[in-house]
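Understanding the architecture of this molecule
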Amino acid sequence: MSIQLDNIGMRFGTGSSAVWAVKDASLTIEKNQFVSIVGTSGCGKSTLLSIVGGLVLPTEGTASVDGVPIAKPGLDRGMVFQNYSLFPWLTAQQNIEFVLKETGTSRAAERSDRAREMLTAVGLADFADKYPSELSGGMRQRVAIARSLSYRPSILLMDEPFGALDALTRGLMQELLVKIWEQSDLTVLFITHDIAEAVFLSDRVLVMTNRPGKIKADIAIDLPRPRTEDLIRSPEFGALELHVLDQIKAESRAAEHLTLPVDSAPAAFA
Ligand SMILES: Nc1ncnc2c1ncn2[C@@H]1O[C@H](COP(=O)(O)OP(=O)(O)OP(=O)(O)O)[C@@H](O)[C@H]1O
């Protein structure tokens, strides 16, 4: 499924306390594309994702999936967040079965089989009966991904899903996600602060301006797949990383008001 955002504006609050999180944000994501959004903290990335997820309605503009305006969450869209959001009182298997029941799979045997199939797909067949507290961060996030894909959405919305993981686990999760995406019909919209992660995963990287955020740059990642270790260490990969970084840097300096003469700063602490 494709995603279209046309001149999205999102205001939180009213009167003098009103904050425009997003303004004039437009983008189109084609079916089966993997697109990442990067930008400074607070620029409105999560807000855009929530609008596509149907969790909030925009103040201005139109968000649609395959041309149909988004009015609420739907089974065509799965979401994965940084904090896993698993039910701690349910096992991995039960977490998935619960969501399948909520989303309309009425037969218990079908829910059980599907949950087991999904856990196997993310390499956790042997951990089906473990509670979230008995799983590592990477395993929890694999359960969360399996759960979000269990009802077969066409779009996967991911908000810094690997942000809390160590570097090695993060790398393995990225490879797993690419494999899942390549073997499915998924369209993925992925938020991250990690530029290398965005370049490694994506067909396109969108850079947002500071708040109120809009799309400032749309960078095609025209690197071949599969993206091997050699490719990650190649000058082409490095050049794309630098290009994305350059786009963010100006926004970041402005956001942090880093215009002070930093060279003189040590004197102040002497
Ligand atoms: N429910 C809300 N009520 C009021 N302000 C909000 C609300 N949600 C977001 N905001 C504000 O909107 C702006 C954008 O927030 P958002 O979470 O979308 O940014 P972000 O780019 O995802 O940030 P980060 O990278 O730090 O996660 C921020 O200034 C935030 O404080």
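None of the values given here were measured: they were computed from a predicted structure. Chains are numbered independently. Their residues run from 1 in the order of the written sequence. Residues qualify for local features only when their pLDDT is at least 70, as the model is predicted, and side-chain atom pairs are given and counted only at 80 or more; totals for whole chains, interfaces and linings, by contrast, use all residues.

**Things to note about the overall build of the protein**
Scanning the protein for helices and strands turns up 9 helices and 10 strands. In this setup the radius of gyration rests on C-alpha atoms only. A globule is expected at 2.2 Å times the number of residues raised to 0.38. Here the C-alpha atoms of the protein give a radius of gyration of 20 Å, agreeing with the 18 Å that 2.2 N^0.38 yields for 270 residues. Principal-axis analysis of the C-alpha atoms gives the protein an extent of 65 × 45 × 40 Å. Looking at the 270 residues of the protein, the share that counts as buried comes to 37%. Only DSSP runs of H or I reaching four residues or more are called helices, and only runs of E reaching two or more are called strands; each is numbered from the N terminus. A residue is called partly exposed when the number of other C-beta atoms within 10 Å of its own lies between 12 and 20, exposed at 12 or fewer, and buried at 20 or more, with C-beta atoms placed from the backbone.

**With respect to the environment of Ala 198**
By secondary structure assignment, the location of Ala 198 is in helix H6 (residues 195-201). Placed 177 residues apart in sequence, Ala 198 and Ala 21 show a C-alpha to C-alpha distance of 22 Å. By the convention adopted here, residues are in contact when the distance between their C-beta atoms, placed from the backbone, does not exceed 7 Å. Not counting the four nearest positions on each side in its chain, Ala 198 is found in contact with Ser 36, Val 38, Thr 192, Val 205 and Val 244.

**What about unusual backbone geometry?**
In this chain, Arg 211 is followed by Pro 212 through a cis amide linkage whose omega measures -5 degrees. Geometrically, the link from Arg 225 to Pro 226 is a cis peptide bond, its omega value of -5 degrees lying close to zero. Looking at the secondary structure, you find Pro 226 in the loop between strand S10 (215-220) and helix H7 (229-232). Non-glycine residue Asn 32 carries a positive phi angle of around 70 degrees. Considering the arrangement of structural elements, one finds Asn 32 in the loop between strand S2 (19-29) and strand S3 (34-38). Its identity is not glycine, yet Glu 160 carries a phi of approximately 45 degrees, on the positive side. In this fold, Glu 160 is placed in the loop between strand S7 (155-159) and helix H5 (167-182). Classification of Glu 160 by C-beta neighbours within 10 Å gives partly exposed; the count is 19.

**Structural notes on the sheet that holds strand S8 (residues 187-191)**
Note on sheets: strands pair through backbone hydrogen bonds, and any given pair is parallel or antiparallel. Pairs of strands are assigned from DSSP output, requiring at least two bridges between the strands. Ordered by their spatial adjacency, 6 strands build an open sheet running S6-S7-S8-S3-S9-S10, and the pairing between neighbours is mixed. Unpaired on one side and paired on the other, strand S6 (77-81) and S10 mark the two borders of the sheet. The mean angle between the axes of side-by-side strands here comes to 15 degrees, regardless of whether they run parallel or antiparallel. Taken together, the 5 bridges between strand S9 (residues 204-208) and S10 define a ladder with antiparallel strand orientation. Axes, fitted as lines to C-alpha atoms, cover a helix only where it is in contact. Angles between the N-to-C directions of the axes lie from 0 to 180 degrees.

**Some words on the packing of helix H2 (residues 92-102) against helix H3 (residues 108-121)**
Running from N to C, H2 and H3 cross one another at 125 degrees; their axes reach a closest spacing of 9 Å. The angle between H2 and H3 places the two elements in the oblique class. Considering the relative orientation of H2 and H3, their crossing is right-handed. Here H2 contributes Ala 92, Gln 93, Ile 96, Glu 97, Leu 100 and Lys 101 to the contact with H3, which in turn contributes Arg 111, Ser 112, Arg 114, Ala 115, Arg 116, Met 118 and Leu 119. Charged means Asp, Glu, Lys or Arg here, nonpolar means Ala, Val, Leu, Ile, Met, Phe, Trp, Tyr, Cys or Pro, and polar covers whatever is left, Gly included. Looking at the contact of H2 with H3 residue by residue, the class counts come to 6 nonpolar, 2 polar and 5 charged. Our angle categories are set so that under 35 degrees counts as roughly parallel, over 145 as roughly antiparallel, 65 to 115 as roughly perpendicular, and the remainder as oblique. In a left-handed crossing the near helix is turned counterclockwise from the far helix by less than a right angle, and in a right-handed crossing that turn is clockwise.

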